[in-house]
Each structure stands twice: as structure tokens, then as C-alpha cells.
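Here is what each chain is made of, one letter per residue.
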Amino acid sequence: MWPQHWDGARLITFMVKNIRYKTKIAIIGAGQAGLSSAYHLKKLGLEIGRDFIILDEAPAPGGAWQFRWSSLTLSTVNKIHDLPGMSFEETLLPDETEVQANIAVPHYFDLYEKRFGLQVYRPTKVEKVYLQGHGFHIDTSDALFSALGIINATGTWGNPYIPLYPGAAAFRGEQLHTKDFKTADYFRHKHVIIVGGGISALQLLDQIAKVTSTTWVTRRPPLFRDGPFDDMAGHNAVAMVEERVRQGLSPQSVVSVTGLPYSAEIRDMEKRGVLQRRPMFSEITSTGVRWEDGSEENADVILWNTGFKSALQHLDAVIPKEPEGGILMTGRLATMVAKEPRIHLVGYGPSASTIGANRAGRAAAKELVETIGL
Ligand SMILES: Cc1cc2nc3c(=O)[nH]c(=O)nc-3n(C[C@H](O)[C@H](O)[C@H](O)COP(=O)(O)OP(=O)(O)OC[C@H]3O[C@@H](n4cnc5c(N)ncnc54)[C@H](O)[C@@H]3O)c2cc1C
């Protein structure tokens, strides 16, 4: 029942939220991993709307790509692999040379959803999943759903990671994360401490150092890789991450185990003197940072390029954690939660790349359909 004093609008919201839409499989997330899973469920004969649904909290197609900075172009990303059944290339305009990833990929996903009739409920944020009878209840920002199985494809963009350093709360400047970066121009006339040794850190350092002064700090000396990153190196990196999740350890990012390409951009940064790396500071002061040897530096901004963790908070009640804090994974491509085989995590751990997400979507669709007997 609802309180007597509620007006009509509030009553309608209450009723919509309390109708439970039943389905067999819920895909949470419509990025590369979620769309690939949906494609394969369809190929297995399941009907969208009746047998499975796709929920996504973002306002438009494109997964996390729609939120990435505009200077990230198809020539500065590693490589975006095609979704199954449709080429990315054919959706690009032929005369475009420098293509923004945050426009081209969402456009591709939009056409992909339309071509395969993959209607996505959006924006619908999954807030909590819990066990109910033979399946799961899925509590979202605008309706309740129930499903027998779940393919979770929520990526990492929603869960930026910033390590804790003493004094962080006292800092009077700005602390930003990779996720907040829009343009280098924003940092003009500010001194920026850039933290992190990954590809994003280097790309942002390169751009920001062209407009203002920077200090680059990393926990370990960065590992540069001379020569191309071939298929075998990629395979080994993925195998290493897969091994970790099969032991119930938290996954490392695939990129963190591949090393950084010693590219023309990196060589140029070296020449400009931008790559003078300092070790990690030990504390944050009100005006900047302090190292263990007592030396200090003032800063207007600390830009944390310290990565992301999987956005899985909504599954806390249904996925048991191992003592080390990871999730024990099993299945052909390690997408199945060992202690809850009706849940698959795609785009997680070894499949956290566009090619990995494609393969994981296929394996998860097949195994989940078998597990719940559809
Ligand atoms: C800067 C950057 C550059 C990269 N470059 C490359 C590259 O060149 N090549 C490559 O292969 N990979 C690259 N990656 C990794 C790649 O983007 C992803 O691994 C890949 O796209 C798989 O995406 P996904 O579907 O798992 O996640 P996403 O694209 O993040 O999609 C997740 C979806 O889930 C939705 N979602 C999240 N939480 C909820 C919730 N609670 N309820 C409902 N919906 C939710 C989000 O709205 C989003 O649409 C890059 C990553 C970054 C950060």
C-alpha cells in the first residue's frame, strides 16, 4: 500500500517501480561485452524482450566510449575490434582521417543495436541484485525485473580507483581522475602532478605538458616495450589475468601486464624532457605533495591516472568473495562465477578489452543458456 497523501505522479512512479517484469536472462550493460552477449543469445534462438533484456544506465548507445575525452581518436587507441556480425570500418565515413573515439564508437554501437534489433532499456541503472526463489530480483532506477540468469557487462568506467594517501582531505587544490579529463586546456596556468604509469597517464601527460608545467610520478619505473605488441604477447597477457581470476584473485588490468609501447609520441616526450619521472610521494599536504626524503612540491591539481576497478557493487549480495577479495571464476573463458553459475561476468578480468569482450559474450551466452536449461 501507499500513503494516502501521495499525489498522482508519485503514485504512478511507485506503481511502475513495483511492477516486476519477468525475463529469463538479464544483460546488465550495453557496451562491447553486453552487445556481444546479446548478439549470441539471439543467435542461440532467444528472443529479446521475452527471453532476455538489456539494461544500461547510460543515456545513449556507446558504452563507456561515449564519455571518453575528445582527443582520444582511433589512431591513439590501441585497436577497437568489431562486434560480432558487423564491421566497424563500414560505419566510418570514408574521408575522415582523425576520428574521435567518443563519436565513432557510439555511432557504431547505435547502428549495431538497430541492425540486430537489440533494444536497450536506458537510462536504467541496476542498483541491487538479490536472490529470490529460483532466480534473481533486479532492482533498478525505474522498474523491478526478475531473471533466472544474469550476464553482467558493466565495465569499469563507473568505478574509478584513487589510492589513499595521508593528507588527501587537506589538499586545497583539485584532485581529478582520468575519468574527469576533457581537454588539456582546462589545466593551463596550473601546475599538475600526474600520477600513474599506464597508457592513459602517458597520453594525458603528453597533452597537458604541451600547455602547462607538470610533474610525473609513478609507483614503479615504467616498463617500455620496444617493438610491436604481437598476438603472442597479447595472448600471454590475457592468460596471466585469466590464471589470476581462476584462483579467485582480483584481476589486474590486461594493459598493466603488457608494458607500454615505445612509440613516436613517447620518444617525442623524452626529447621535450616531459618524461622526468619521480617516485610516488608519501603524503599529500594542503598545497601539494611531500616525498619520503622530505622534499615537497606545490600543485594546483593532482590528476590520478590510477585506473578503474570492475563496477560490480550491485552484485554484492549474490556473488561471494574469496578471502583475498577476488571472485572465483570458472567456465571455458572464465566468465562464470564458480559459486553462482547463473551469473557470468563479461568484460571482466581477461575479457576487459574489445576482443576479449566479444569472445566472452559468446562463451557466456552459450554456457548460461545451458546452465539454466533454456
Ligand atoms: C581510455 C581507454 C582506452 C581504451 N582503449 C582500448 C583499445 O584501444 N582497445 C581495446 O580493446 N580496449 C580498450 N579499452 C578497454 C575497452 O574500452 C573495454 O574493455 C571494452 O570496450 C569492453 O567494454 P565493456 O562492455 O566491458 O564496458 P563499457 O564500455 O564500460 O560498458 C559498460 C556499460 O555498462 C553500463 N553500466 C555500468 N554499470 C551499470 C549499472 N549498475 N546498471 C546499468 N548499466 C550499467 C554502462 O553505462 C556502460 O554502457 C580502453 C579503455 C579505456 C579506459
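Residues numbered from 1 in each chain as written. Predicted model: local features only at pLDDT ≥ 70, side-chain atom pairs only at ≥ 80, totals over all residues. Heavy atoms only, no water.

### Things to note about helix H3 (residues 101–115)
- The first and last C-alpha atoms of H3 sit 21 Å apart over 15 residues, in line with the 21 Å expected at 1.5 Å per residue.
- Every buried residue of H3 is listed here: Ala101, Asn102, Ala104, Val105, Pro106, Tyr108, Phe109, Tyr112 and Glu113.
- Buried residues along H3 sit in contact with helix H2 (32–43).
- Following H3 by one or two positions, glycine 117 has its phi on the positive side, about 60°. (Helix = DSSP H or I, 4+ residues; strand = E, 2+ residues; numbered from the N terminus. Expected span 1.5 Å × (residues − 1). Buried < 20%, exposed > 50% of the residue type's maximum accessible area, 1.4 Å probe, protein only. Contact = heavy atoms within 4.5 Å.)

### Describing the nonpolar core
- Ile25, Leu41, Phe52, Ile54 and Ile208 are the most contacted members of the largest nonpolar core, which totals 60 residues.
- Counting contributing residues, this core receives three or more from each of domain 1 (8–158 + 308–372) and domain 2 (168–223 + 259–304).
- Setting aside chain neighbours within four positions, we find phenylalanine 52 in contact with Thr23, Ile25, Ile27, Ala38, Leu41, Lys42, Leu46 and Glu47. (Core = buried A, V, L, I, M, F, W, Y, C linked by side-chain atoms within 4.5 Å. Domains from an automatic or database assignment.)

### Description of the packing of H2 against helix H7 (residues 354–371)
- Across the interface, H2 lies against H7 with an axial gap of 7 Å and an inter-helix angle of 40°. Classified by the angle between their axes, H2 and H7 sit oblique to one another. Every pair of crossing elements has a handedness; the one defined by H2 and H7 is right-handed. Where H2 abuts H7, its residues Gln32, Ala33, Ser36, Ser37, His40 and Leu41 lie against Thr354, Ala357, Asn358, Gly361, Arg362, Ala365 and Val369.
- Each residue belonging to the contact of H2 with H7 can be placed in one class, and the counts come to five nonpolar, seven polar and one charged. (Axes fitted to C-alpha atoms, helices over the stretch in contact; angles between N-to-C directions. Parallel < 35°, antiparallel > 145°, perpendicular 65-115°, else oblique. Left-handed = near helix turned anticlockwise from the far one by under 90°. Nonpolar A, V, L, I, M, F, W, Y, C, P; charged D, E, K, R; others polar.)

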